Amino acid sequence: MSNDVFQDVPVIPFEGPDSRNPLAFKHYEADAVVAGKPMREHLRFAAAYWHTMRNPLGDPFGVGTAKMPWDDGSDSIDNALRRADVFFEFLGKIGIDYYCFHDRDVAPELSTQGATSDALDRVVNHLQEHQVASGRRLLWGTACLFAHPRYVHGAATSCSVDVFACAAAQVRHALDCTHRLGGAGYVFWGGREGYTSLLNTDMQREREHLARFLHMAVEHKQSIGFDGALYIEPKPMEPATHQYDSDAAACLNFLREFDLLEHFMLNIETNHATLAGHGMEHELKVAANADRLGSIDANMGHPQLGWDTDQFPMDLADATRVMLVVLEMGGFTTGGLNFDAKRRRESFDPVDLFHAHIGGMDTFARALKSADVVLRDGRLSSFLKQRYSEWDSDLGQRIEAGEIGLVELEAIANQRGEPVLRSGRQEMLEGIFNDAL
Ligand code: XLS
Ligand code: NI
Ligand code: NI
């Protein structure tokens, strides 16, 4: 099945921090145990089919530059099957255990629904053969409900009921394919589920339609016996001016409002957090606090560019903050770290796919080790405990338990006088954090 298009690239070895070989891991050692588990089990890396195999690296001002000698540019099924071969060759050499895809990444959209469906089924059979042969697994599948012109007004939130039906057809099939491939999850990212002007938008009706759509997906998931997780992936904008799934808090509110909370987890993406005006750490905490942190799209934005640049995650401090939340919640169950990231337009050689993923994997391997150091060191958590220790007093406990009201507190405040405050020590704590990197 292999084309061996990466014949100049070896299976990427672990050579340790002193290595100067760019095609080697300096920090990611899949089977090395950190915090009680092999790194590969903590990190559960996934490659994104759309960026790895389908992204030509264009930008709004210029065409794609990526060299993909295995791809003849056609919509043929043969071409789609060949891409799958190349993809699994890539996964094998880079040592990534999971992958993620949209229906339209792996198979072409053809002139009729029937032909499109058949093409997808054929490619999914082929993916399944590759999975069996390699032991690699699907982290999550999804349907592309944003690229085709019919989704111009949205998919589940379109003003056209026929478009809603097309989206339903696509999700039905994509869920079945994900189930067939033993996927650990399925993602809903609502790129066009939002609006650009309220002058032509019935926001509440659209939100209700989106909720109905998600309920149908839950019902279908149950009817086929798919036991993977369903995820919502928050993003505030782009392509829509305002997306209904704008950030973790908005998603949780949406899920609660429409009785969906028990059925969905969140898939949080770093660059989307940034676009929402939050740190990734904030989004992860919001999700984890609600017991709804499922998976992560690991990438990063550029500090000077206000859009979804989907760069590979190379920031060690940020990645460490991510891994702290992941370790604190006890690790991933169904989720993992999906590199929803593309190379820069200037990095057009096939070998750049390796450099990009090695960089991201080494960053997260260091982040895992650093987060483990922070947790074992314990100074940050004991500071936090100490900072709120007044709440462990009798008065604090009575307030938390709801045993005391405003009038009683007023009497206590009058009697105790002006509170004594202690410093937040932020810079001291930042220094401790940096020492662990
Ligand atoms: C786009 C999203 C997308 C989802 C999957 O910004 O990140 O890639 O992860 O549809
Ligand atoms: Ni994104
Ligand atoms: Ni994403």
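Each value, and the rule that gives it
Residues numbered from 1 in each chain as written. Chains lettered and ligands numbered in written order. Predicted model: local features only at pLDDT ≥ 70, side-chain atom pairs only at ≥ 80, totals over all residues. Heavy atoms only, no water. 1 Å grid on protein atoms, 1.4 Å probe; cavity = no way out; pocket = protein on both sides within 12 Å on 5 of 7 lines; lining within 4 Å. Points joined across faces, edges and corners; volume = space filled by probe spheres on them. Helix = DSSP H or I, 4+ residues; strand = E, 2+ residues; numbered from the N terminus. Nonpolar A, V, L, I, M, F, W, Y, C, P; charged D, E, K, R; others polar. Polar contact = N/O pair within 3.5 Å; in protein donor to acceptor, adjacent residues only side chain to side chain. Contact = heavy atoms within 4.5 Å. Axes fitted to C-alpha atoms, helices over the stretch in contact; angles between N-to-C directions. Parallel < 35°, antiparallel > 145°, perpendicular 65-115°, else oblique. Left-handed = near helix turned anticlockwise from the far one by under 90°. Near = heavy atom within 4 Å. Areas by Shrake-Rupley, 256 points an atom, 1.4 Å probe, with all protein chains shown as cover. Donors = N, O, S within 2.8 Å, 3.2 Å for Na, K, Ca; no water. Tetrahedral: all angles 85-135°; square planar, octahedral: opposite > 155°, others 65-115°. Buried < 20%, exposed > 50% of the residue type's maximum accessible area, 1.4 Å probe, protein only.

A. Main features of empty space enclosed by the protein. Per the stated rule, a full pass over the model turns up 4 cavities of 30 Å³ or more. Estimated volume of the largest cavity: approximately 230 Å³. As for the largest cavity, its lining consists of 22 residues, and the residues nearest its centre are F188, W189, G190, E193 and L210. Mapped by element, the contributors of at least two residues to the lining of the largest cavity are β6 (185–188), α7 (203–224) and α8 (248–257). For the lining of the largest cavity, a count of residues per class yields 16 nonpolar, 3 polar and 3 charged. Here the second largest cavity is characterised by a volume of approximately 70 Å³. Taken together, T270, A298, N299, M300, P313, M314, D315, D318, A319, V322 and F364 make up the lining of the second largest cavity. The element contributing the most residues to the lining of the second largest cavity is helix α11 (residues 316–328), with 3 residues.

B. Molecular detail of the side chain of D308. Among the secondary structure elements, D308 is positioned in the loop between β11 (293–297) and α11. Among the polar contacts made by the side chain of D308, one reaches the side chain of H272 at a distance of 3.3 Å. Non-local contacts of D308, meaning those with residues more than four positions away in its chain, are made with K235, E238, E269, N271, H272, L275 and K342.

C. Highlighting the packing of helix α3 (residues 77–94) against helix α5 (residues 113–134). For the pair α3 and α5, interaxial distance at closest approach is 10 Å and the crossing angle is 20°. The orientation of α3 relative to α5 falls into the category roughly parallel. Crossing angle aside, the handedness with which α3 passes α5 is right-handed. Between α3 and α5, the residues in contact are I77, A80, L81, A84, D85 and F88 and A119, R122, V123, H126, L127, H130, Q131 and S134, respectively. Among the residues forming the contact of α3 with α5, the class breakdown is 8 nonpolar, 4 polar and 2 charged.

D. Main features of the site of ligand 1. Lining the immediate surroundings of ligand 1 are W50, H102, W140, W189, E233, K235, E269, H272, D297, D308 and D340. Within the side chain of W50, an N or O atom sits 3.4 Å from an oxygen atom of ligand 1. With respect to ligand 1, the side chain of D297 contributes an N or O atom lying 3.0 Å from an oxygen atom. Compared with its free state, where it exposes 290 Å², ligand 1 has 93% of that area covered by protein. The residue makeup of the shell around ligand 1, split by class, is 3 nonpolar, 2 polar and 6 charged.

E. Just the environment of E346, in detail. The topology assignment puts E346 in the loop between β12 (337–339) and α12 (351–377). Sequence-wise, E346 and R54 are 292 residues apart; in three dimensions their C-alpha atoms are separated by 16 Å.

F. Broad picture of the coordination of the nickel ion (ligand 3). Distances from the nickel ion (ligand 3) to its protein donors, namely E233 (OE), E269 (OE), D297 (OD) and D340 (OD), fall within the range 2.0 to 2.2 Å. Taken together, the 6 donor atoms surrounding the nickel ion (ligand 3) define angles of 80 to 176° at the centre, an arrangement classified as octahedral. We note that the donor set of the nickel ion (ligand 3) lies within a single chain, spaced as E-x35-E-x27-D-x42-D.

G. Seen up close, unusual backbone geometry. A cis geometry characterises the amide bond from E238 onward to P239, with omega recorded as 15°. Located in the positive-phi region is A35, a residue other than glycine, with phi close to 45°. When you line up the elements, A35 lands in the loop between β1 (33–34) and β2 (37–38). Taking relative accessible area as the criterion, A35 reaches 39% and is therefore assigned partly exposed. Backbone geometry places E238, a non-glycine residue, at a positive phi of 70°. In this fold, E238 is placed in the loop between β8 (229–232) and β9 (242–243). Given a relative accessible area of 28%, E238 falls into the partly exposed group.

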